[in-house]
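Fold and contact review
What follows is each chain in one-letter form.
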Amino acid sequence: MQHIERARRRLKLRDLHILLVVALRGSMAKAAAELAISQPAVSRAIADMEHALGLQLLDRSRNGIEPTPYGRVLIKRAVAIFDELTQGLQELEFLVDPTIGQLRIGCSESVAAGLLPAVIDRFTRHHPGIRLDVVQTVLSTTHYRELRERSVDLLLGWIPTSFAEEDLVVESVLNDPRVVVAGTKSKWARSSKLSLADLANDAWILPPPDTFPGLATADLFRESGLNMPRTPLMTLSLHLCSRLAATGRFVTLLPSSVAQFGGRDLSLKVLPVKLPRTSAVSVAIVTLKNRTLSPAARIFIEYVREFAKSMASGPQVRKS
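This write-up is about the structure you can find in this document. (Residues numbered from 1 in each chain as written. Predicted model: local features only at pLDDT ≥ 70, side-chain atom pairs only at ≥ 80, totals over all residues. Heavy atoms only, no water.)

Remarks on the overall build of the protein chain
Our working definition: By the criteria applied, helices consist of DSSP H or I runs no shorter than four residues and strands consist of E runs no shorter than two, each listed in order from the N terminus. Note that the radius of gyration is over C-alpha atoms, with the globule rule given as 2.2 Å times the number of residues to the power 0.38. Contact criterion: two residues are considered in contact whenever any of their non-hydrogen atoms come within 4.5 Å of each other. Calculation of accessible area relied on Shrake-Rupley with a 1.4 Å probe; when residues are assessed, cover is drawn exclusively from the protein chains displayed.
Counting secondary structure elements, the protein chain contains 12 helices and 11 strands. Taken over the C-alpha trace, the protein chain has a radius of gyration of 25 Å; the compact-globule value for 320 residues is 20 Å, which it surpasses by more than 25%. Overall size of the protein chain, expressed as C-alpha extent along the three principal axes, is 75 × 45 × 35 Å. Across the protein chain, every contact between residues at least 6 apart in sequence was considered, and the portion connecting residues at least 24 apart equals 74%. When the accessible surface of the protein chain is summed, it comes to about 17,600 Å², and 54% of that surface belongs to carbon and sulfur atoms.

Structure follows, in structure tokens:
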């Protein structure tokens, strides 16, 4: 490979961007159409980079174009470069006008159904010019792709107790214990004291056993000295759990934040069941280590911290 300093002087941001689009589309023709430039211009940009580096970046075949190992390394770094550049431009924009911006949030369903709507309600009252893009995701050791690919700025959701992702930063903001809920028409709705054993013969809606919530649920029943109850439905959908529990025919587990913010609207009743400590899970903010956060992201994180702190200290009163 030619000298690094010389190659660095010859590499252009425009050419790196073209390389990213070609790799994404798998075709120089498709990349040219997306970039609104000619196909020869695309080919020339790739050739110039390969000449500057003295390395082949793309493999060309009848089936399309694939990055070589050298190309994959450069593309990975280029993603970070353009992300940091975008963050820098957003920060400049924010300094010019602190009322505008954009934030991309990934969240688990438990947060989307509980904590997040309340935080967004408060945040958008004070920062109406900052646009929020929210996508639902699953937080686990195999599902942090959106964060690592920088398609979201931060993730909010439950995390496992032992978290060992070295490239991510985790900040636990809320201890969100699960509670047992049933519909207000359930035979248990008027009970003043119950145990899991009392509900052992009821029909439960629980998460699949091969998921993080499912494993945590199994631990909960195991610590209570009980076998898993009859489960006619397994799902990760809290919306489905809530709607069916509201019929009075099923019992389910929900994060306390979901029951607190949505239980009344869905005709749900939190049953007086004392659960083991394993019923509590941690809601966390997850970010990519060494990635510069935009001003909008930093402000939003402060709102999450403040709201989570107020939730832990007592009942919520909406502030305008």
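Having seen it, we continue.
Quick notes on the pairing of strand E6 (residues 168-183)
The cut-off we apply is this: A pair of strands counts as paired when DSSP detects no fewer than two bridges linking them.
Pairing of E6 with strand E9 (residues 251-255) involves 4 bridges; the strand directions are antiparallel. Bridging across to E9, Arg178 finds its partner in Pro255. Bridge count for E6 against strand E10 (residues 268-270) is 3 bridges, and the pairing is antiparallel. Counterpart to Val181 in the pairing with E10 is Val270.

Quick word on the environment of Thr292
Counted only if it meets this: Under the scheme applied here, a residue whose accessible area is under 20% of the maximum for its type counts as buried, over 50% as exposed, and between as partly exposed, the area being computed with a 1.4 Å probe on protein chains only.
Within the secondary structure, Thr292 sits in the loop between strand E11 (280-288) and helix H12 (295-313). Thr292 sits in the partly exposed class, given a relative accessible area of 34%. Discounting chain neighbours no more than four positions away, the residues touching Thr292 are Glu84 and Gln87.

Concerning the packing of helix H2 (residues 13-25) against helix H5 (residues 69-96)
Here is the rule: Lines fitted to C-alpha atoms define the axes here, with helix axes fitted over just the stretch in contact, and angles between the N-to-C directions of these axes take values from 0 to 180 degrees. For classification purposes, an angle smaller than 35 degrees is called roughly parallel, one larger than 145 roughly antiparallel, one from 65 to 115 roughly perpendicular, and anything else oblique. For any helix crossing, the convention is left-handed if the near helix is rotated counterclockwise from the far helix by under a right angle, and right-handed if that rotation is clockwise. Side-chain classes follow a simple rule in which Ala, Val, Leu, Ile, Met, Phe, Trp, Tyr, Cys and Pro form the nonpolar group, Asp, Glu, Lys and Arg form the charged group, and the remainder, Gly included, forms the polar group.
Across the interface, H2 lies against H5 with an axial gap of 10 Å and an inter-helix angle of 120°. With respect to their mutual orientation, H2 and H5 come out oblique. As H2 packs across H5, the resulting crossing turns out to be left-handed. For the pair formed by H2 and H5, the contact residues are Leu13, Leu16, His17, Leu19, Leu20 and Ala23 on the first element and Leu74, Ile75, Ala78, Val79, Ile81, Phe82 and Leu85 on the second. Broken down by class, the residue content of the contact of H2 with H5 amounts to 12 nonpolar, 1 polar and no charged.

Points about the packing of aromatic side chains
Quick note on the threshold: Think of it this way: a Phe, Tyr or Trp ring, Trp meaning its six-membered ring, pairs with another when their centres are within 6.5 Å, and the plane angle makes it stacked under 30 degrees, edge-to-face over 60, tilted otherwise.
The tally for this structure, following the rule as stated, stands at 3 aromatic pairs. Seen in terms of ring centroids, Phe123 and Phe300 are 5.1 Å apart; in terms of plane orientation they differ by 75°. Their pairing is edge-to-face. Placement of the pair is Phe123 in helix H7 (residues 115-126) and Phe300 in helix H12, with a sequence separation of 177 residues. Of the two residues, Phe123 and Phe300, neither departs from the other in class, the shared state being buried.

Concerning H7
For the record, the criterion: Take the residue count of a helix, subtract one, and multiply by 1.5 Å to get its expected span. Starting at the helix axis, one direction is taken to each C-beta atom, and the arc is that of these directions.
If you check H7, its first and last C-alpha atoms are 18 Å apart, about what 12 residues at 1.5 Å a residue would give, namely 16 Å. Of all the positions in H7, only Leu115, Leu116, Ala118, Val119, Arg122 and Phe123 are classed as buried. Across the axial projection of H7, the buried residues extend over an arc of 165°, all falling on one side.

Quick word on the side chain of Thr235
The cut-off we apply is this: Any pair of nitrogen or oxygen atoms within 3.5 Å is treated as a polar contact; in protein, a donor-acceptor pairing is required on top of that, and neighbouring residues in sequence qualify only through side-chain atoms on both sides.
With respect to the helices and strands, Thr235 occurs in the loop between strand E8 (233-234) and helix H10 (238-245). For Thr235, the side chain forms a polar contact with the main-chain nitrogen of Ser237, separated by 2.9 Å.

Points about a nonpolar patch on the surface
Just so we agree on the cut-off: Patch membership is restricted to residues that have no salt bridge and whose relative accessible area is over 30%. Joining uses 9 Å for like charges and 5 Å for the nonpolar side chains Val, Leu, Ile, Met, Phe, Trp and Tyr. Salt bridges, as used here, are contacts in which a Lys or Arg side-chain nitrogen is within 4 Å of a carboxyl oxygen on Asp or Glu.
Residues Leu13, Ile81, Leu85, Leu89, Leu92 and Leu95 make up a contiguous nonpolar surface patch of roughly 580 Å² in combined accessible area. In terms of residue count, H5 provides more of the nonpolar patch than any other element does, 5 residues in total. Taking the relative accessible area as the measure of exposure, Leu85 reaches 38% and is therefore partly exposed.

Things to note about the pattern of salt bridges
The full count for this structure, using the stated rule, is 17 salt bridges. Taking the shortest distance from any N to any O, the salt bridge between Glu34 and Arg25 comes out at 2.5 Å. Between Asp219 and Arg222 there is a salt bridge whose closest N-O contact spans 2.5 Å. Separated by 3 residues within a single helix, Asp219 and Arg222 lie in helix H9 (residues 212-223), roughly one turn from each other.

Focus on the environment of Val304
By the element assignment, Val304 lies in helix H12. Of the residues examined, Val304 reaches a relative accessible area of 1% and is grouped as buried. Residues Val304 and Ala216, spaced 88 residues apart in sequence, show a C-alpha to C-alpha distance of 24 Å. Excluding residues within four positions of it along the chain, Val304 makes contact with Leu115, Val119, Leu156, Val173 and Ile285.

So, the nonpolar core
Heads up, the condition is: Take the buried Ala, Val, Leu, Ile, Met, Phe, Trp, Tyr and Cys residues and link them wherever side-chain atoms come within 4.5 Å; each set so joined is a nonpolar core.
Residues Leu103, Leu115, Leu156, Phe300 and Val304 are the most contacted members of the largest nonpolar core, which totals 29 residues. Mapped onto this core, the elements with two or more residues apiece are strand E3 (101-107), H7, strand E4 (130-136), strand E5 (154-159), E6, E11 and H12. Looking at this core, the element that brings in the most residues is H12, giving 9 residues. Listed in part, the 22 residues of the second largest apolar core include Ala31, Leu53, Ile75 and Phe82.

Some details on empty space enclosed by the protein
Selection criterion: Note on definitions: the grid is 1 Å and covers protein atoms alone; a cavity is a set of points where a 1.4 Å probe fits but cannot get out; a pocket is an open set with protein on both sides within 12 Å along at least five of seven lines; lining residues have an atom within 4 Å of a point. Grid points are joined across faces, edges and corners, and a volume is the space filled by probe spheres set on the points.
For the structure shown, the criterion picks out 1 cavity of 30 Å³ or more. Size it by volume and the largest cavity reaches roughly 50 Å³. Around the largest cavity sit Gln90, Glu93, Phe94, Ile100, Gly101, Gln102, Ser294, Pro295 and Ala296, which together line it. Those elements that place two or more of their residues in the lining of the largest cavity are H5, E3 and H12. Classifying every residue of the lining of the largest cavity by side-chain character gives 4 nonpolar, 4 polar and 1 charged.

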